[in-house]
Structures are given as C-alpha cells and as structure tokens.
Amino acid sequence: MAAQQKLGRMTAGGAIFARLKALGIDVVFANSGTDFPPVIEGLAEAAAQDADLPLALVIPHEHAAMGMAHGYYLVTGEPQAVMLHTNVGLSNGATGAINAACEHVPMIVMSGRTPVTEAERFGARTVPIAWGQEMRDQTALIREAAKWDYELRFPEQIAPLLDRAYAIAQSTPKGPVYLSLPREVLCEAVDAAGLDAPPSIQPVRTGPDPSAVKAAAAALAAAEKPLVIAQRGAGDEASFAEFGAWAEEWGIAVSSWWATHLAIPTDHPCHVGADPGPWLKEADVIVVLDALAPWWPDLHPTPNVKTVINIGPDPIFSRFPVRGFRSDIALRGESADTIPALVAEMQDMPRGPTVAARRQKLSETTATGRERLVEVATADTERGITKAYVSHCLGEALEGRTSSVFSELGTKLGFLTRREPRSWFQEPHSGGLGWSFPAAMGAKLADPERTCVATMGDGSYMFANPTACHQVAEALGLGVVVIILNNEEWGAVRASVAGLYPEGVAAKSNIMPLTALKPTPDFCKTAEASRAFARRVTDPAELPGAIAEALKVADTGRQALIDVSVLPD
C-alpha cells in the first residue's frame, strides 16, 4: 500500500495494472500498439516507485497471448488477463476468446480503442492508422464470446469496472469478459489511492439444487446399466479422486468421448475409453458430465435410456443456439461442487448384488480393452509411424513425471496413458486451431516444474504462429516440448469428408481436394531459428529415443521440437 500512496496520481493506463494486481492477477499477456503509450508510461512510472504490479509480458501475436492465458488458467485455476491492440489486435485474439468461452475459461480481455478525437485533446489521433482502425462497434468482434463487455469512459471507472469484469468472469459458468480502452481516457491521470483495496464485488458460485441431486442419486442407484460420458474433467483434485472412487464403488462405466480434460485415469477399471457407442446401446441411465456434445446423434442410438442427467456449470449449455440433447435431470454448478454432492447423496444408499457383478465385468472388459490399445499402437510400425504409436511412446516416456499434454489433432487419449487431473487437455470444441503450443507455454510459465508437451498436427502447428511462439519460449526460458504429428495434410478435414460421404468419389478415389499440405515445410528450421532443439523422425525405432532426448533438453529450460512423419489415419 505504501508504494500506491507514494504514486499519488498516475496515468489511467498504468492504473489498470495496479488494480489487476490487487484482484490477484499475476501476469498480463500483452501485445502492444499505438494505443499503448499511456499504458507503457504508466507502467514505467509505477515501477520506478516500486508499485506492486503484475508481470507484463510481450507476446508478439495475439492468438499466442490468448492461448498462453488459457494454458496458465488450466494448471492454476486462476483467472487471467490479456491486453491487445485496438480492433486489429482484438480480431487476432477473437479465436482465443471463442476457445475460452467454449471451455468456460475466465479471462479479462482488454484492447485499446483508437482515439475518437482528431485534435486538441491529449491522446488524440496522430498517425493515419488512428483513422483506419476506427469501428462503429469494435466489441462486435468478440461479443458472442464475452459474458460481459463495456468501454471505459472515465479514468475513475478503472477499479469498479475491473472489479465487475473479474467477478463476472469468475461467476458460474465462468468465461471471458471484454473491456475496451480508448486512448484519450488512458492518457488521463487518476488518483492511485485505493487501487490496492480488496475487490468490491465477489463472484457468484452456483451450487446444485438439492432436489435435483436427490433425483439423480435415486436414478443412478436404481440403474442396471448406468453410463457417464465426461468431456471437461471432474473438477478439482479432490472431486477428481471422489469421482473415480465413486465410479468404481458403484460399477459405473465412464467414457471419455472427445474429452478436452481428463475426468478419470485412462487405466481405471471403469474407464471404457473414447467410444461410448456400445455402452449407449444398453444404458438405462446416462450422466452427461460437463459435455457439450456427449454423443453423435445419428451414429449413437440410445434405445434403452430411461433417464438422462446433465451435470455442469451450465448443464444445458444455454449460450449455444442449438443443443437438443435430452435432459431429464440437471445439476448446475462447478464439478468440484456437484460431484461431491452426488457422491454424498448416494453414500448410504443400498447396493444390490448387481453392482458387484457389474463392477467385475467392467474391470475385465476394460483390462482387455487396454491390452488391445497397446497391440494396435505397436502393430503397424513396419508400415510406418501412426498417431497411436506416438501416443503410446509419449505415455511411456512421461511415466513418473508431473506432466500435462496439450493435444490438438495430435496424440490420442487411451493410447496415451494419463492418470492425474490436469494431465490431459485437448483442443476446445470450438476448433480455434493453433491453441496447444501457446497453451503449453502458458502452463509451463505457471508451473515451471511441470513437464508440458504440445502435440499437434502440422496444420495446427502452422496455425499457432510458430515463429512467435518459439520466440516467446526462448525469451522466457520455457522448456516446452512440441511434437508435430506430420501427415502433410488436413487430416481432420479428410476424416470429415470420409465420414459424411463414405461412398463418395473423394473417399473411393482417395483424392481429397483442399486437404493437402505439401510440400511440407522444414519445421525444424523454424524452431532452430529460436535456438530450439529440433529433430525430424521418420523411423519408428528412433521415436522413443527422440522423445527421451527432447524431454531431457526441456528439463534444462530449452524448448524442443520433434517433427514426426506419421501415416494418415
């Protein structure tokens, strides 16, 4: 507080950082522009007097800044802040905002607004881009992704508006918010007294309706063939452990259909893998655990279902215009609250003899399934390297490490063994590619002792603005490992075409227009431009050694990249 009092007055641009620190924000991921002079001057004057400020990081591309903030949140659970440059910076960051909204990631997104005045006011327009960057509705670029948005009108609004932004971002369901920052306002002076005060607004954390918890517990206790489909994890470490123990105690099958977070260890006796199809055919009670799209309606019939229970921060996903999945019972709240409530409600309920038999059958079935995954992963090595094989090798290499894998059309859960919460993250279902590389960097920045690996397709790597990401990794000493699963094409697009037109001309002729990425660039040189360890792998026998070497290099704080030539799926 003493440092704040010494300042007396400071530019509004610097006051933003002081208030963010008071709200608990430790890092601001920033991409500066011509709207930033009052921000930079404010930071300099505050730092000169030892004010308590968050670390301001230069991130040379907005998509990378948003991805790093996303990854930082995933391993810390703390909301993040990103500061971008006017409308053009906001447009580059919009994909990251869409990803954050889809995954309920709390984030304060700010961008400057080009000066409104043309002269005779401090901070008015100077160079031609000040005219070129003006928009009638700049916020429209990310309005659908933001829970709340506003434009700063007066410098004295900084503390109350940031308090409101923080509280809304953190309230159930969490998500990004947006604040526009006109340059003239940032140039004004503001009294720094009180900028270090506690937040004036607290977030709202919604808990499940007790009657809904009772109804869900009764349905599950009476179920003969219950099934849980989980996509976005099982809450915090405590609820993750409770969920796994509860599933085993009641003998409940758990499927990780397109899982973006790990909800249960992949080698858990009740984890039936990524395909819910066979289990959906028989299920009488289905729990949809924080899953936007729990199955493929045309592919996965549910003929025997009696009750569908949706659980999540927003269990019916109200911000999405169309989502018609059945919901007979809904438990609203953070998974860290809803799971313990359901477990506690079922604690003293009787368990019939069918539960023990169901548990035993599940254990035998899943053990056989895991053996089959290993066989599949290691079977095609004479033909070449498959994604399954890369996943298997990486899983073995990470044994014994505290690690997080950020997979974006890269390695596959199941073939890759994962056991701990926050050990697996897949690209958001919004599909904003180029996410995993910066997300891994953000996670590494947040937890330097954690091994962070980004696995991605060659197309996704190009989307990540790799030159910018490698530069940041070198500048900050982030020893991340990037593994490119390089099939020289948009593999996801190929799969989508084949899935929609299995008997079509493209599938039959194996000619897929608009999918090829040939000739493949020399990605190793891109990484080496920032002094990274880089290696190209084409021989399956060399892959385990290459991964081990890359992990060893990353342990020293130096980034590493492996470009792996893989067969098309």
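The model shown is predicted, which means the values in this text are computed figures rather than measured ones.

### Overview of the pattern of salt bridges
Reasoning step 1: Per the counting criterion, the structure on display carries 21 salt bridges.
Reasoning step 2: For the salt bridge of arginine 125 with glutamate 134, the shortest nitrogen-to-oxygen distance reads 2.5 Å.
Reasoning step 3: Two residues, arginine 205 and aspartate 337, come together in a salt bridge whose shortest N-O distance is 2.7 Å. Of this pair, arginine 205 sits in the loop between β8 (189–191) and α9 (210–222) while aspartate 337 sits in helix α12 (residues 335–346), and the two are 132 residues apart along the sequence.
Reasoning step 4: In this structure aspartate 337 comes out as partly exposed when scored by relative accessible area, which is 26%.
Reasoning step 5: Overlapping salt bridges, with partners in common, bring together Asp137, Arg143 and Asp149 in one network.

### Remarks on helix α5 (residues 86–102)
Reasoning step 1: The terminal C-alpha atoms of α5 lie 23 Å apart, and with 17 residues this matches the ideal 24 Å at 1.5 Å per residue to within 8%.
Reasoning step 2: Maximal helix bending in α5 amounts to about 45 degrees, located at glycine 93.
Reasoning step 3: Within α5, the full set of buried residues consists of Thr86, Asn87, Gly89, Leu90, Gly93, Ala94, Gly96, Ala97, Asn99, Ala100, Ala101 and Cys102.
Reasoning step 4: Turning to α5, the residues buried within the fold contact α4 (62–76), β4 (80–84), β5 (107–113) and β7 (176–182).
Reasoning step 5: Positive backbone phi, at 55 degrees, marks histidine 104, one or two positions downstream of α5.

### Some thoughts on the nonpolar core
General note: in soluble globular proteins, nonpolar side chains tend to be found buried as a group.
Reasoning step 1: Grouped together as the largest cluster of nonpolar side chains are 77 residues, with contacts concentrated most on Leu220, Val228, Phe243, Trp246, Ile309, Ile483 and Leu543.
Reasoning step 2: The element contributing the most residues to this core is helix α21 (residues 543–554), with seven residues.
Reasoning step 3: By size, the runner-up hydrophobic cluster in this structure holds 54 residues, among which are Leu84, Ala439, Ala454 and Leu561.

### A closer look at the layout of surface pockets
Reasoning step 1: Considered as a void within the structure, the second largest pocket measures approximately 600 Å³ in volume.
Reasoning step 2: Forming the boundary of the second largest pocket are 26 residues, of which Tyr73, Gly235, Asp236, His261 and Glu334 lie nearest the centre.
Reasoning step 3: Looking at the lining of the second largest pocket, the element that brings in the most residues is α4, giving three residues.
Reasoning step 4: Looking at the lining of the second largest pocket residue by residue, the classes come out as eleven nonpolar, seven polar and eight charged.

### Focus: the sheet that holds β7
Reasoning step 1: Strand order in the open sheet formed by six strands is β3-β2-β4-β5-β7-β6, and the pairing between neighbours is parallel. In the strand order of this sheet, the two ends are held by β3 (55–58) and β6 (149–151), each with one partner. Sheet twist, expressed as the mean angle between neighbouring strand axes with direction ignored, is 20 degrees.
Reasoning step 2: With four bridges connecting them, strand β2 (residues 27–30) and β3 associate as parallel partners. Bridge pairing links valine 28 to alanine 56 in β3.

### Some details on empty space enclosed by the protein
Reasoning step 1: Under the counting rule described, the total for this entry stands at two cavities of 30 Å³ or more.
Reasoning step 2: Reported here for the largest cavity is a volume of approximately 70 Å³.
Reasoning step 3: Only α10 (237–250), β12 (285–289) and α12 provide two or more residues apiece to the lining of the largest cavity.
Reasoning step 4: Taken as a whole, the second largest cavity spans an internal volume of roughly 60 Å³.
Reasoning step 5: Here the residues of the lining of the second largest cavity are counted per class, giving four nonpolar, five polar and three charged.

### Focus: a negative patch on the surface
Reasoning step 1: A contiguous patch of negative charge on the surface is contributed by Asp236, Glu237, Glu242 and Glu420.
Reasoning step 2: By the secondary structure assignment, glutamate 237 is in helix α10.
Reasoning step 3: Using a relative accessible area of 59% as the deciding quantity, one classes glutamate 237 as exposed.

### Some points on α10
Since one α-helical turn is 3.6 residues long, residues separated by three or four positions face the same way.
Reasoning step 1: The first and last C-alpha atoms of α10 sit 20 Å apart over 14 residues, in line with the 20 Å expected at 1.5 Å per residue.
Reasoning step 2: Here α10 has its buried residues at Ser239, Phe240, Phe243, Gly244, Trp246, Ala247 and Trp250. Here the buried residues of α10 occupy an arc of 165 degrees about the axis, which is enough to place them on one side.
Reasoning step 3: Its buried side turned inward, α10 meets α9, β9 (226–230), β10 (253–255), β12, α12 and α13 (353–379).
Reasoning step 4: The residue sitting at the N-terminus of α10 and contributing the capping side-chain oxygen is aspartate 236; that oxygen lies 3.2 Å from the backbone nitrogen of alanine 238.

### Notes on the sheet that holds strand β15 (residues 403–408)
Reasoning step 1: Ordered in space as β16-β15-β17-β18-β20-β19, the six strands form an open sheet in which the pairing is parallel. Each of the sheet's edge strands pairs with one partner strand only, and the pair in question is β16 (424–426) and β19 (533–537). The sheet shows a mean angle of 15 degrees between the axes of neighbouring strands, taken without regard to direction.
Reasoning step 2: Bridge count between β19 and strand β20 (residues 560–565): five bridges; the pairing is parallel. Across the sheet, valine 537 pairs through a bridge with valine 564, a residue of β20.

### Comments concerning the state of the cysteines
Reasoning step 1: A full pass over the atoms with the stated rule returns zero disulfides.
Reasoning step 2: The structure places no disulfide on cysteine 393, whose sulfur is separated from the nearest cysteine sulfur, that of cysteine 524, by 18 Å.

### Topic: unusual backbone geometry
Reasoning step 1: Residues threonine 172 and proline 173 are joined by a peptide bond in cis, for which omega reads -10 degrees.
Reasoning step 2: Here proline 173 shows up in the loop between α7 (158–170) and β7.
Reasoning step 3: Located in the positive-phi region is aspartate 290, a residue other than glycine, with phi close to 45 degrees.
Reasoning step 4: Mapped onto the elements, aspartate 290 comes out in the loop between β12 and β13 (307–312).
Reasoning step 5: Of note, the phi angle at phenylalanine 317 is positive, near 50 degrees, even though the residue is not glycine.

### Examining the packing of aromatic side chains
Reasoning step 1: Tallied over the entire structure, the rule returns ten aromatic pairs.
Reasoning step 2: Cluster of aromatic residues (ring-pair linked, three or more members): Phe406, Phe425 and Trp435.
Reasoning step 3: Looking at arginine 319, its charged tip hangs above the ring of phenylalanine 320, at a distance of 4.9 Å from the centre.

Analysis parameters
- Residues numbered from 1 in each chain as written.
- Predicted model: local features only at pLDDT ≥ 70, side-chain atom pairs only at ≥ 80, totals over all residues.
- Heavy atoms only, no water.
- Salt bridge = Lys/Arg side-chain N within 4 Å of Asp/Glu carboxyl O.
- Helix = DSSP H or I, 4+ residues; strand = E, 2+ residues; numbered from the N terminus.
- Buried < 20%, exposed > 50% of the residue type's maximum accessible area, 1.4 Å probe, protein only.
- Expected span 1.5 Å × (residues − 1).
- Bend = angle between axes of the 7 residues up to and from the residue.
- Contact = heavy atoms within 4.5 Å.
- Core = buried A, V, L, I, M, F, W, Y, C linked by side-chain atoms within 4.5 Å.
- 1 Å grid on protein atoms, 1.4 Å probe; cavity = no way out; pocket = protein on both sides within 12 Å on 5 of 7 lines; lining within 4 Å.
- Points joined across faces, edges and corners; volume = space filled by probe spheres on them.
- Nonpolar A, V, L, I, M, F, W, Y, C, P; charged D, E, K, R; others polar.
- Pairing = 2+ DSSP bridges.
- Axes fitted to C-alpha atoms, helices over the stretch in contact; angles between N-to-C directions.
- Patch = residues over 30% accessible without salt bridge, like charges linked within 9 Å, V, L, I, M, F, W, Y side chains within 5 Å.
- Areas by Shrake-Rupley, 256 points an atom, 1.4 Å probe, with all protein chains shown as cover.
- Lys, Arg positive; Asp, Glu negative; His and termini not counted.
- Charge placed at Lys NZ, Arg CZ, Asp CG, Glu CD.
- Arc of directions from axis to C-beta.
- Polar contact = N/O pair within 3.5 Å; in protein donor to acceptor, adjacent residues only side chain to side chain.
- Disulfide = S-S within 2.5 Å.
- Phe/Tyr/Trp six-rings, centres within 6.5 Å; stacked < 30°, edge-to-face > 60°.
- Lys NZ or Arg CZ within 6 Å of the ring centre and 35° of its normal.

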